[in-house]
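# Reading the structure
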Amino acid sequence: MNTFEKDQEYIAHTYARFPLQIVSGKGSVLTDSEGREYIDLGTGIAVNTFGTADEGWIAAVTAQMNLFSHSSNLFYSAPCADLAEELCNRTGMKRVFFSNSGAEANECAIKVARGWGASVYGPDRYTIVTLENSFHGRTLTTLSATGQDVFHKDFTPLTPGFVHTPANDIEALRKVVAQVKPIAVMFEAVQGEGGVLPLTREFAAEMAKLSEEYGFLLLADEVQIGNGRSGSLFGYMNLGITPDVVTTAKGLGGGLPIGATLLGERVQDVFTPGSNGSTFGGNPAVCAGALHLLKRIDDALLAEVREKSEYIFDALTDAEGIRSVSGMGLMIGVETEGDAGEILAKCRERGVIALKAKSKVRLLPPLNIPFPLLKQAITVLKEVCAECAKG
Ligand SMILES: *Cc1c(COP(=O)(O)O)cnc(C)c1O
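Residues numbered from 1 in each chain as written. Predicted model: local features only at pLDDT ≥ 70, side-chain atom pairs only at ≥ 80, totals over all residues. Heavy atoms only, no water.

## What to know about the layout of surface pockets
Stated precisely, the cut-off is as follows: As defined here, a cavity is a set of points on a 1 Å grid over the protein atoms alone where a 1.4 Å probe fits but cannot get out. A pocket is an open set with protein on both sides within 12 Å along at least five of seven lines, and residues line them when an atom is within 4 Å of a point. Grid points are joined across faces, edges and corners, and a volume is the space filled by probe spheres set on the points. Strands are runs of DSSP state E lasting at least two residues, helices are runs of H or I lasting at least four, and both sets are numbered from the N terminus onward. Amino acid classes used here: Ala, Val, Leu, Ile, Met, Phe, Trp, Tyr, Cys and Pro are nonpolar; Asp, Glu, Lys and Arg are charged; the rest, including Gly, are polar.
By volume, the second largest pocket is sized at about 570 Å³. Lining the second largest pocket are 21 residues, and of these Asn73, Val96, Phe97, Phe98 and Asn276 lie nearest its centre. Of all elements in the fold, only α4 (78-91) and β4 (95-99) reach the threshold of two or more residues within the lining of the second largest pocket. In terms of residue count, β4 provides more of the lining of the second largest pocket than any other element does, four residues in total. Classifying every residue of the lining of the second largest pocket gives nine nonpolar, 10 polar and two charged.

Following this line, the structure appears as structure tokens:
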């Protein structure tokens, strides 16, 4: 059996994979099993922050692996402490809980909110408001937080305590908050899986205002938009608000699994010894790589991200076959006239990999993609969108 056949036979059928197998890559270029090369505008879903097989990241990870790659949280280890310090220094958050994925980071945030809610208001107040179209993960509780019914069906009963309200609808938010008196509102600065839809500054300001008025926490899910992708270190920083809890994962690991839940002042002491834990969380090798990446996400890189973003928006807005362009930084959704799946297939034929978000084409290039490669890939995408529109 070849890999395609083995995958079909032995792997649970949860994924609709692209019909190609990656065997290697370097920076912003991926190579498949037929030896074909692709410009990578997907980064393994916003994970490979500096592309594939980045030398600095590999060096940081392997240096730590040569010392020790795992010791468990029964022991102190420098990479984990250093990464937490860097995250806190760069965000103003006070403490970090490390886990292994976005869903786990969000589970932790939900536990924090519940723990905080119980201590401030007692056990009867526990509702968390999340936004329609959001995506917060696949565990049963983060699934319950996710405001998309398609993910819920077949898996009921869900975890109680979640109410969904439309994003960017200030009136609806006011209403639901007054009605349910939540302990927290959870949001993505840019809804990724939901179709690359940014929150408006006005909506964010209203969330912040209401959180003070009613006394609830703001939980920012930065799993996809975080770690430089927005053009700021975290997406919420573009919205002029300060959350109480920030979760991140994907791009922080740069290609290895990590989740991080950053705790602000109000919730820094919710957890006490034994109240949460993870065997792999804060894994030294992953943390060493993550710290290396974070240090490279500096002002110069963020300016570069914004510049590339502007280039993409300018190139695609009002282009033939393109209805709209949305997003922030290097997380961009393209609403096309032609079918997005067909457009992605044609792009692959011409050596460009991009992703989908709902019915849109989603672009998540490496933050350091060289301009010539980016231009080459965007030119292909533009041509394909025009072609498929006629089609
Ligand atoms: C991907 C994603 C998650 C889930 O992360 P996993 O690592 O797949 O568990 C949660 N929230 C957002 C916004 C995401 O994009």
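## Some remarks on the environment of glycine 327
Threshold: Residue exposure (1.4 Å probe, protein chains only): buried if accessible area is under 20% of the type maximum, exposed if over 50%, otherwise partly exposed.
The residue glycine 327 is located in strand β13 (residues 322-328) in this model. Take glycine 327: its relative accessible area is 18%, and that puts it in the buried class. Taking the C-alpha atoms as reference, glycine 327 lies 21 Å from alanine 208; in sequence the two are 119 residues apart.

## Here we look at the packing of helix α13 (residues 340-349) against helix α14 (residues 371-390)
Stated formally: Interaxial angles span 0 to 180 degrees and are taken between N-to-C directions of axes, which are lines fitted to C-alpha atoms, for helices over the stretch in contact. Here is the rule for angles: anything less than 35 degrees is roughly parallel, anything more than 145 is roughly antiparallel, 65 through 115 is roughly perpendicular, and the remaining ranges are oblique. Rotating anticlockwise by less than a right angle from the far helix to the near helix defines a left-handed crossing, while the corresponding clockwise rotation defines a right-handed one. Here, two residues are considered to be in contact whenever any of their heavy atoms come within 4.5 Å of each other.
One way to put it is that α13 packs onto α14 with a least axis distance of 9 Å and a crossing angle of 135°. For the element pair α13 / α14, the angle class is oblique. Every pair of crossing elements has a handedness; the one defined by α13 and α14 is right-handed. Along the contact surface, α13 presents Glu342, Ile343, Lys346 and Cys347, while α14 presents Val380, Leu381, Val384, Cys385, Glu387 and Cys388. The residue inventory of the contact of α13 with α14, partitioned by class, reads seven nonpolar, no polar and three charged.

## Here we look at the state of the cysteines
Selection criterion: Disulfides are defined as pairs of cysteine sulfur atoms found within 2.5 Å of each other.
Here the structure, examined in full by the defined rule, presents zero disulfides. Among the cysteines around cysteine 88, which has no disulfide bond, cysteine 80 carries the closest sulfur, lying 11 Å off. Of all cysteine sulfurs in the structure, the one in cysteine 385 sits closest to cysteine 388, which takes part in no disulfide; the separation is 7.1 Å.

## Some points on the sheet that holds β13
Keep this limit in mind: DSSP-based pairing: two strands are paired if at least 2 bridges between them are found.
Strands sit in the order β13-β14-β17-β16 across an open sheet of four strands; the sheet is antiparallel. Looking at which strands have only one partner, the edges of the open sheet turn out to be β13 and β16 (355-357). Averaged over all adjacent pairs, the angle separating strand axes in this sheet is 30°, with direction ignored.

## A closer look at the site of the ligand
Using the following cut-off: A molecule or strand has a residue near it when one of that residue's heavy atoms lies within 4 Å. Counting of polar contacts relies on pairs of N or O atoms within 3.5 Å, with two restrictions inside protein: one atom must be capable of donating a hydrogen and the other of accepting it, and residues adjacent in sequence are counted only when both atoms are side-chain atoms. Only the protein chains shown count as cover for residues, and the accessible areas themselves come from Shrake-Rupley with a 1.4 Å probe.
The environment of the ligand is made up of Ser101, Gly102, Ala103, Asn106, Phe135, His136, Gly137, Glu188, Asp221, Val223, Gln224 and Lys250. A distance of 2.7 Å separates an oxygen atom of the ligand from a polar side-chain atom of glutamine 224. Here the ligand loses 82% of its free accessible area of 390 Å² to cover by the protein chains. Ranked by residue count, the leading element in the shell around the ligand is helix α5 (residues 102-121), at three residues. The class makeup of the residues in the shell around the ligand is three nonpolar, six polar and three charged.

## Remarks on a nonpolar patch on the surface
Short version of the rule: Any residue with relative accessible area above 30% and no salt bridge may belong to a patch, with like charges joined within 9 Å and the nonpolar Val, Leu, Ile, Met, Phe, Trp and Tyr side chains within 5 Å. We count a salt bridge whenever a side-chain nitrogen from Lys or Arg sits within 4 Å of a carboxyl oxygen from Asp or Glu.
Taken together, Met1, Tyr10 and Ile11 make up a surface patch of nonpolar side chains, about 370 Å² in accessible area. Following the sequence through the fold, tyrosine 10 ends up in helix α1 (residues 3-10). Overall, tyrosine 10 belongs to the exposed group, its relative accessible area being 62%.

## Things to note about the pairing of strand β11 (residues 245-248)
Going residue by residue along β11, you find Val245 and Thr247 tucked away on one face and Val246 and Thr248 tucked away on the opposite face as well. As paired strands, strand β10 (residues 217-221) and β11 are joined by three bridges and run parallel to one another. Bridge assignment links leucine 219 to a residue of β11, and that residue is valine 245. The sheet contact formed by β11 and strand β12 (residues 259-263) spans four bridges and is antiparallel.

## Structural notes on the nonpolar core
Convention followed: Note on terminology: a nonpolar core comprises buried Ala, Val, Leu, Ile, Met, Phe, Trp, Tyr and Cys residues joined through side-chain atoms within 4.5 Å. Domain extents, as shown, originate in an automatic or database domain assignment.
Membership of the largest hydrophobic core comes to 86 residues, with the highest contact counts inside it found for Leu41, Leu87, Met207 and Leu363. At eight residues, α14 tops the list of elements feeding residues into this core. A domain-level breakdown of this core finds at least three residues from each of domain 1 (3-53 + 299-390) and domain 2 (56-296). Once residues within four sequence positions are removed from consideration, methionine 207 is found in contact with Leu173, Val185, Phe187, Leu199, Phe216, Leu218 and Ile241. Residues Ala109, Val112, Ile183 and Leu217 belong to the second largest nonpolar core, which totals 18 residues.

Everything listed here is a matter of coordinates, which is why it stays silent on function.
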